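Residue strings, one per chain:
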Amino acid sequence: MRHLIVSREYPPAAYPPGGIGTYVRHISRLLAEAGETVHVIGQQWEGAPKPLEEECGGRLLVHRVPLDQVLALPATGGTARDDLAGPVEALGQSEFPPQLFAWQSALLAEHLVAAEGIDLIEGQDYEAPLYYLQLRRALGLGPSRRPPCVVHFHSPTELIFRYNDWDLGRPDYFTAKRLEDYSITAADAHLCPSRYLARQTEQLYRLRPGSVEVIPYPVGETLELARSEATWERGTICYVGRTEPRKGVIEWVDAAVAVARERPGLEFEFVGADTPRAGTGTLMVQELLEARIPPLLRGHFRFLGVKPRAELAGILARARLAVVSSRWENFPNTCIEAMGSGLPVLASPHGGMTEMIEDDRTGWIAESGTAQGLATALRRALDTDPAARKAMGAAAARAIRRTCNNAETIARQVAWRASVASRSGARSFAAVLPRERARLERRRAAPRSEGAGPRIGLVVEASAERAGLEECIGSVLAQSEPPAVVIVADERDPDLARPLARVRSEGWRVLDASGDPSAPGAALAALSAAYPALLGVSTLRPTTRLAPQFVARVGDALEQRNELGLISFWTRMSGEESGVVVRPCPGFPYQLAGNDVAPTAVYRVDALREIGPPPSGLEGEFANWQLANAVLARGWVAITYPEILARHHLGPQAWTRQLARVGHARMYELLLAAHQGAAHQELDGAEARDLAVLLETTLRWPANRSAARAEPTHLASTAVSPQFDPVRPGAVLRWPIRHQLALLRRALGNPGYAARWLVWHGGRATRRALDRLLRSGGAR
């Protein structure tokens, strides 16, 4: 079989990977050693600069995608496509920058599927690296070969935030959650290393009970280490992992302090990257931990930070026991490595540790993850005779090699993957979220008969903001597929004489809007009457410029996906607020708190007929917001097309500003009142809580999110080891001063990394400048 694994975290062997990176490295190598062909897509960074690496005699191929430039594919002759520069910049500067990796890897994955005959695609839940691949597939884009997509559960963002006590109102949280929800729901199969997380995710994502396959992680190359008798008696107590709240490190320090007060001489070591307390900002967890340690005991607590893998063995070798204190955990590699090295492990009961550890035989499982529960377990561990601890360590090494046996694990992986590869990948063709899948049988539009004329109708409003109308009409004329068009205008306006003459020469219909505030509605009715077979309609303003493929793209999508009631898309804005707007697929409950639908979204005609006249009382873009909500409330599905299909010029009344929360309480009341029936009735308890959080936090974050983009917010940009830091110099210049100072302190604490970072980005900036110069010279 030919496997494709997509994961941003795939470091070289010399670097200490996180849990996901450890799994990907182990499983890809073991599959290759078993005779399978494995392609891995990872991030290109200063520690792994080559775009392609080959291992295991060419059976393991690691492809690296950059996050600071447009991807160059073999299919394009090795050159980057200029039309992709906008999405790359927008995704990288969005409230959720990791989606840029998902975009770049989707384009490369499609090439590999077609060129290499991939049989199975795997990606993790966290950061949704398969999102854009699945979204494009649902729209009929990409190669005709469509191997099944597997999502491997490691640690969903929703659970990370919950157990870290992080602010759910952060702009990155709901974007990450929505992309992960989509990717998980659209997957053809699901894999998980622990029964604990498998059952949890089946309930969380409404998967069929027992449908998530459980296969433990492999033990990999972990070696059992020799320890002296003195180590078993007086060795350190070692915690390995990020200093992250969900890892239970706060409770563990409190427990360790309580026991250290009773038993002098204990030595505690902490190995792993520090993280911001709130997931963002300058207050770090280590500062919080150190403040909880009394001054007289601080010499007994050593925070070692991130260590190369070669040094980790030495740290574990001087320990008498290891600690995994998590509030919530999956199937931690730190526990596997500690047990594999011959250490008994003290663990909380909240995770897959209980599937690895046998209490009082290979470790100690605390009654709870509280400081009191961990302290009680630590006292039990210290009261264990050193010889018994040594025997427990040996038993732990044997037990973990049985549970996570490399040969058995890989045999199960190969057999399961072959079974999944033999199935249809139809599930991943559906562009729906968990709560929407149940609607699909209730929502099937009548198929369109062939040869019935235009598929898409366009209504051009020319009675306001007339400047630029001719350019708007020109973009309509330039469509690769002709639309049905109606121009709404005041025919008595002398400024419109020239563009209207051009319109009539093309045979388009002109509707006189003199004194008629309902003209757009009348125009839609006129279009429907003149072209009864129309699939969808869109309303344009004179400031709108359509991409030449606009009509063809949305027409194909409406034909292929009968459940789609509206199609949004990426939109380029110019003027006061320039840039590309990229948003997730619209859906409840999120759509009730903010409009994710582009201003020129295309609505299915059948959906508009079904909802009837929209309620009055809303103005401007709030009326568009109301229309989108009405379509969704009737059970239609919405999707965001991952391509820039329109451009708008933003004037003083920019559409993003019109959605500002402050000062529009009446608009909100009308919107929510209109949908408390159909929409709210379908929200379950979790979605209702999400909506409450969204509505409560909309006043705390900018509506257009431009200010939120200026600082790093997501876990991926702050809570990983320095080797995976995606921060770029251009982004740093846009950060607030306090974040720039925090980065400076971080650089001073790790000057070697800072120097490599500067050299790496400086070299790439120079190469890009030279490439642009050569290309411009060639163009002349």
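Remember, it's a predicted structure, so these values are computed and weren't measured experimentally. (Residues numbered from 1 in each chain as written. Predicted model: local features only at pLDDT ≥ 70, side-chain atom pairs only at ≥ 80, totals over all residues. Heavy atoms only, no water.)

(A) Broad picture of the nonpolar core. Ranked by internal contacts, the top residues of the largest apolar core, which has 78 residues, are I41, I121, Y132, L458, I487 and F550. Per-element accounting of this core gives the leading share, 10 residues, to helix α3 (residues 99–116). Apart from the residues within four sequence positions on either side, I41 is in contact with L4, I5, V6, S7, H63, V65, F101, S105, L108, A109 and L112. In terms of nonpolar packing, the next biggest core, distinct from the first, is built from 55 residues, I5, Y173, I215 and F331 among them. (Core = buried A, V, L, I, M, F, W, Y, C linked by side-chain atoms within 4.5 Å. Buried < 20%, exposed > 50% of the residue type's maximum accessible area, 1.4 Å probe, protein only. Helix = DSSP H or I, 4+ residues; strand = E, 2+ residues; numbered from the N terminus. Contact = heavy atoms within 4.5 Å.)

(B) Expanded view of the sheet that holds strand β4 (residues 60–65). The sheet built from eight strands is open, its strands ordered β3-β4-β2-β1-β5-β6-β7-β8 with mixed pairing. Either end of the sheet is taken by a strand with one partner, and the two such strands are β3 (52–55) and β8 (213–214). The pairing of strand β1 (residues 2–6) with strand β5 (residues 120–124) spans four bridges and is parallel. Its bridge partner being in β5, L4 is matched across the sheet by I121. (Pairing = 2+ DSSP bridges.)

(C) Spatial organisation of the pattern of salt bridges. A complete count under the given rule lists 40 salt bridges for this structure. Note that E53 and R64 form a salt bridge whose closest N and O atoms lie 3.2 Å from each other. Of this pair, E53 sits in strand β3 while R64 sits in strand β4; the two residues are 11 residues apart in sequence, bridging distant segments of the chain. Grouping residues by exposure puts E53 and R64 together as buried. Between D181 and K177 there is a salt bridge, with its nearest N and O atoms 3.0 Å apart. In this pair, D181 and K177 both sit in helix α6 (residues 171–186), four residues apart, roughly one turn of the helix. Taken as a pair, D181 and K177 share a single burial class, namely buried. Taken together, the shared-partner salt bridges connect E95, R178, R583 and D596 into one network. (Salt bridge = Lys/Arg side-chain N within 4 Å of Asp/Glu carboxyl O.)

(D) Molecular detail of the packing of aromatic side chains. Using the criterion set out here, one finds 19 aromatic pairs in the structure. Three or more aromatic residues joined by ring pairs make a cluster, and in this case those are Y239, W252, F268, F270, F301 and F303. For the cation-ring pair, R170 lies above W166, with the distance from its terminal atom to the ring centre recorded as 5.4 Å. (Phe/Tyr/Trp six-rings, centres within 6.5 Å; stacked < 30°, edge-to-face > 60°. Lys NZ or Arg CZ within 6 Å of the ring centre and 35° of its normal.)

(E) Inspection of the pairing of strand β10 (residues 268–271) at higher detail. Neither face of β10 is left uncovered, since the one carrying F268 and F270 and the one carrying E269 and V271 both have all their residues buried. As defined by bridge partners, strand β9 (residues 236–240) adjoins β10 across four bridges and the pair is classed as parallel. The partner of Y239 across the bridge, within β10, is F270. A crossover links β9 with its parallel partner β10, the connecting element being helix α9 (residues 249–262), and its sense is right-handed. This β-α-β element, β10 to helix α10 (residues 285–292) to strand β11 (residues 301–305), shows right-handed connectivity. (Right-handed = clockwise from strand over helix to strand, strands pointing away.)

(F) Quick peek at unusual backbone geometry. Look at the link from F588 to P589: it is a cis peptide, with omega at 5°. Among the structural elements, P589 can be located in the loop between β21 (579–581) and β22 (602–604). In this structure, A128 is a non-glycine residue whose phi angle is positive, near 50°. The topology assignment puts A128 in the loop between β5 and α4 (131–138).

(G) Region of the structure containing the confidence of the model for the protein. In this model, the protein carries an average pLDDT of 82, and 76% of its residues clear a pLDDT of 70 or more. Scored below 50 in pLDDT, residues 441–449 shows 19 contacts in the model against residues more than four places distant or in partner chains. Note on residues 701–726: pLDDT is under 50 here. Beyond four places in sequence and across chains, it has 91 contacts. (pLDDT = per-residue confidence, 0-100.)

(H) Structural detail: the state of the cysteines. Enumeration over the complete set of coordinates arrives at zero disulfides. No disulfide involves C404; its sulfur sits 8.9 Å from that of C335, the nearest cysteine. (Disulfide = S-S within 2.5 Å.)

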